[in-house]
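Residue strings, one per chain:
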Amino acid sequence: MCKITSENYVAEARKAIKNPILQKALADLQNRFGRGTAECYRRLPEGPDLRIKAHKTRMDAIENLDVVLETLADNVRKNGGHVFFAKDSQAAVKYCLEVARQHQVKRVVNGKSMVSEEIGLNEALMGAGIEVSETDLGEYIIQLAGETPSHIIAPAIHKTRRDVGRLFADHLDIPFENDPPKLTWIARKALRQKFLAADMGTSGCNIACAETGHITTVSNEGNIRMSATLPKVHVAFMGMERVAATLEDHDILLRLLCRGAAAQNMATYVSYIGGPRQADQADGPQAFHLVILDNGRSRILSDPEFREILCCIRCAACLNVCPVYAKIGGHSYGYVYTGPVGAVVTPLLVGINRAKDLCLGETLCGACQEACAVNIDLPRMLMVLRKKLAQGDPTWGVIPVDRTEKRIWQAWSWIIRNRSVYDLALRLMALGQKLLPQRNGMIRRLPPPVNGWTQTRDLRPLAAESFIRRWNRK
Amino acid sequence: MKNSGQEEFIKTIKTALGTSRAASGRKADLFAGDISAESRAILERIQNRSAADHKKLLDTLIEAAGPINLEVIACDDTGAVTTAIAALVREKDPEWGEQKGVVAWAHPLIERLNLPAALAEQNVPVFVTGLKKSTDEDIRQRIVDAFIGVTSADFCMADTATLVMRTRPGHARSVSLVPAIHIAVIKLDQMIADLKELYALLKWDPHERQEGLTNCLTFISGPSKTADIEATMVHGAHGPREVHLFVIITHD
């Protein structure tokens, strides 16, 4: 399992906000991708409404996931591939270790994958004495730094060129360098040796296609193609929801994925892998294994209020427009999945109470839904999570977060339904507020139990005379 | 099937979905067996394309290739392509070693270029990846040692400047991946408009669907790139640093 630190959301967010380098990197990222993606959607031949069609396509696949996955598995097996269904991360990791053992694997190259991060694959392989190299440049950088990704598509945006230069100097025994092209080519050279020496390649899967029996991997660097071509074994991991039924559906989703992820019409490399090499082919892996992962997804599937989140194709477009992500960065979320999608999916995967701050921290502004490649109603699900946190929910095992808050609202609801009590309360509050510390005509601090409200903002005082009294006086 | 965990896994999904409709009925709905009117229209459009239409697609390709740094060179015949490739071989330096070597697919169009003869005067060996006497290990080593890989492609999608390659004997996948420079050669009539057309062909065209996607279908749109260090765009992350695409306009 990947380490979960979602409990530290507030503390981590505070740190991030005070980090000027991160703030600049986040602002640049959003300026580039946020706007670019919106422009890309506008220029689609079908227009931005293609996202709505894509949503329907995704829901159709999700609501028939049993049939779609069985079709995918049958077709992969027809081509000579192996398919394993893993109910949790332990099962997935155990299977991969077994494959590694069978093939006497000593070195693994990992093409960027969120799922392998989710199941803690690298740690498990290393624990078995196997060398693992991340091969996406950003992932390689954070592997050297011993950190976790801070963005789904740009894992190392929190690192400066100087940080990278120092890391490479320390780990690769070379003189310090801080020119991005030169640094990239240093990594190219180091990783080329890893690709050529590896006996197993691991990867994720962007969108599989059930009717043809292929997984697809998408990258700009070519690292996933390397990982899936050069080593003798390829193990691909996919979340059970990452599948399209037909090529027609795949067409829509692949085009939206490239646009959502990096404002591109097409990524540099897209590979459709449907099995191992055939006897008469000169290269490609001799064995192909596809691991389909549940790990809490079937629980999401069983709840009609949250089922929609399984439409997500992890393009990260929502991160690139979210005003909260823009300030707190990816590490604050304390899990693989960050940003608005992380604020919904992380609580559902790791525990709603445990990751409660993630959904409480979002603004509900709706930018994420507008940017979403498949038009997922993230704000709606954030609200549902908040409701569960306020009222508790036995199905999800949610304990109400703050009983005081609930009591205050109950009291308020009683007050406003009783005219005379309401008038009296207003008058008392108008008098009482004079005792509170003020600045520039604003209340700076409220007394407990409502002091949380003024922790990060000032409050406008009540008018000396209520509107209705002034109205009546006229 | 045994121990694949499938049965229990699918059962869990069925319970979670709580649907009452039988799987067979839902399967029939999802995977319609008949070609749609839209796909039929796409196939007709592809079949009826004139040389002028293909030239228009070439213009679209050139426009799309610019921003992704893909070099597109239109040539009148294979002779012109051979001359241009010889010039590239002369001009470019090897990235990983001293020796210049070229690997090429065993493909009718590439064989017509006669590269071994054309590069002999520069003393640059050309290794063809379909020779019966070479082992897979030998082919791999030749590809690793080469600085230029020459391939053709099945199709080229104009809209996104994307080369589409199926995997076959003689068409080693790493030729377009491992050498520092990738040269692709196609004929003008291999141009198609976009992904929709490609999928319609692979799924519904009586000839193309026999082979289908094969066990590895690859799209390549320009050279390898990354922006992982301070969002600075750099070409040549892991795959080729340069991609040159020659489009032969007339048949010879």
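For the structure, check the block above.
Please read these numbers as outputs of a predicted model, since none were measured by experiment.

The rules behind the values
Residues numbered from 1 in each chain as written. Chains lettered and ligands numbered in written order. Predicted model: local features only at pLDDT ≥ 70, side-chain atom pairs only at ≥ 80, totals over all residues. Heavy atoms only, no water. Buried < 20%, exposed > 50% of the residue type's maximum accessible area, 1.4 Å probe, protein only. Helix = DSSP H or I, 4+ residues; strand = E, 2+ residues; numbered from the N terminus. Pairing = 2+ DSSP bridges. Contact = heavy atoms within 4.5 Å. Buried area = accessible area lost by both parts, 1.4 Å probe. Salt bridge = Lys/Arg side-chain N within 4 Å of Asp/Glu carboxyl O. Polar contact = N/O pair within 3.5 Å; in protein donor to acceptor, adjacent residues only side chain to side chain. Nonpolar A, V, L, I, M, F, W, Y, C, P; charged D, E, K, R; others polar. Patch = residues over 30% accessible without salt bridge, like charges linked within 9 Å, V, L, I, M, F, W, Y side chains within 5 Å. Areas by Shrake-Rupley, 256 points an atom, 1.4 Å probe, with all protein chains shown as cover. Arc of directions from axis to C-beta. Axes fitted to C-alpha atoms, helices over the stretch in contact; angles between N-to-C directions.

**Here's the deal with the pairing of strand β7 (residues 181–187) of chain B**
Residues and elements named next belong to chain B.
Item 1. With respect to burial, β7 is a largely interior element, six of its seven residues being buried.
Item 2. The pairing of strand β4 (residues 148–151) with β7 spans four bridges and is parallel. Residue V150 lies in a different strand from β7, and its bridge partner there is I183.
Item 3. The sheet contact formed by β7 and strand β12 (residues 242–248) spans seven bridges and is parallel. By the bridge assignment for β12, I186 is matched with V247.

**Section: the sheet that holds strand β9 (residues 269–273) of chain A**
Hydrogen bonds between backbone atoms are what pair the strands of a sheet, whose relative direction is either parallel or antiparallel.
Item 1. Strand order in the open sheet formed by six strands is β6(A)-β9(A)-β9(B)-β6(B)-β5(B)-β8(B), with mixed pairing between adjacent strands. Unpaired on one side and paired on the other, β6 (215–219) of chain A together with β8 (191–192) of chain B mark the two borders of the sheet.
Item 2. Across five bridges, β6(A) lies against β9(A) in antiparallel orientation. What sits directly across from A:I215, in β9(A), is A:I273.

**Regarding the interface of chain A and chain B**
Item 1. Between chain A and chain B, the contact holds 93 residues from the first and 72 residues from the second.
Item 2. Summing both sides of the interface, chain A and chain B together bury roughly 7000 Å²; the carbon and sulfur share of this comes to 57%.
Item 3. For the pair chain A and chain B, the interface holds nine salt bridges.
Item 4. Between the two partners, chain A and chain B, sit 42 residue pairs in polar contact (both at pLDDT 80 or more).
Item 5. Residue composition of the side of chain A that touches chain B, by class: 43 nonpolar, 25 polar and 25 charged.
Item 6. Where β9(A) and strand β9 (residues 216–220) of chain B come together, five bridges link them in antiparallel fashion. Its bridge partner being in β9(B), A:Y269 is matched across the sheet by B:I220.

**Comments concerning a nonpolar patch on the surface**
Residues and elements named next belong to chain A.
Item 1. Among the surface-exposed residues, W409, W412, I416, M429 and L462 lie close enough to one another that they form a single nonpolar patch of about 490 Å² accessible area.
Item 2. With three residues, helix α19 (residues 403–416) is the single largest residue contributor to the nonpolar patch.
Item 3. Examined against the element boundaries, M429 turns out to sit in helix α20 (residues 419–432).

**Brief notes about the pairing of strand β4 (residues 200–203) of chain A**
Residue and element names in this part refer to chain A.
Item 1. Side-chain alternation along β4 places M200 and T202 on one buried face and G201 and S203 on a second face that is also buried.
Item 2. The sheet contact formed by strand β2 (residues 107–110) and β4 spans three bridges and is parallel. Each residue of the ladder has a partner; that of N110, found in β4, is T202.
Item 3. Pairing between β4 and strand β7 (residues 233–239): four bridges, direction parallel.

**Brief notes about helix α1 (residues 9–17) of chain A**
Residues and elements named next belong to chain A.
Item 1. Listing the buried residues of α1 in full gives Y9, A13 and A16. Taken around the axis of α1, the buried residues stretch over an arc of 60°, which confines them to a single face. The outward face of α1, more than 90 degrees from its buried face, is lined by the exposed residues R14 and K15.
Item 2. In this structure, the buried side of α1 is in contact with α2 (20–42), α14 (325–328) and α16 (356–361).

**Remarks on the sheet that holds β4(B)**
Residues and elements named next belong to chain B.
Item 1. Pairing is parallel in the open sheet, where six strands are placed in the order β1-β12-β7-β4-β2-β3. Looking at the sheet topology across the chains shown, the edges are occupied by β1 (71–75) and β3 (126–128). Averaged over neighbouring strand pairs, the angle between their axes works out to 20° when direction is ignored.
Item 2. The sheet strands contacting helix α4 (residues 51–65) are β1 and β12, and the helix crosses β1 at an angle near 155°.
Item 3. On top of the sheet, helix α5 (residues 78–91) reaches β1, β2 (102–104), β4, β7 and β12; it is set at about 165° to β12, its chief contact.

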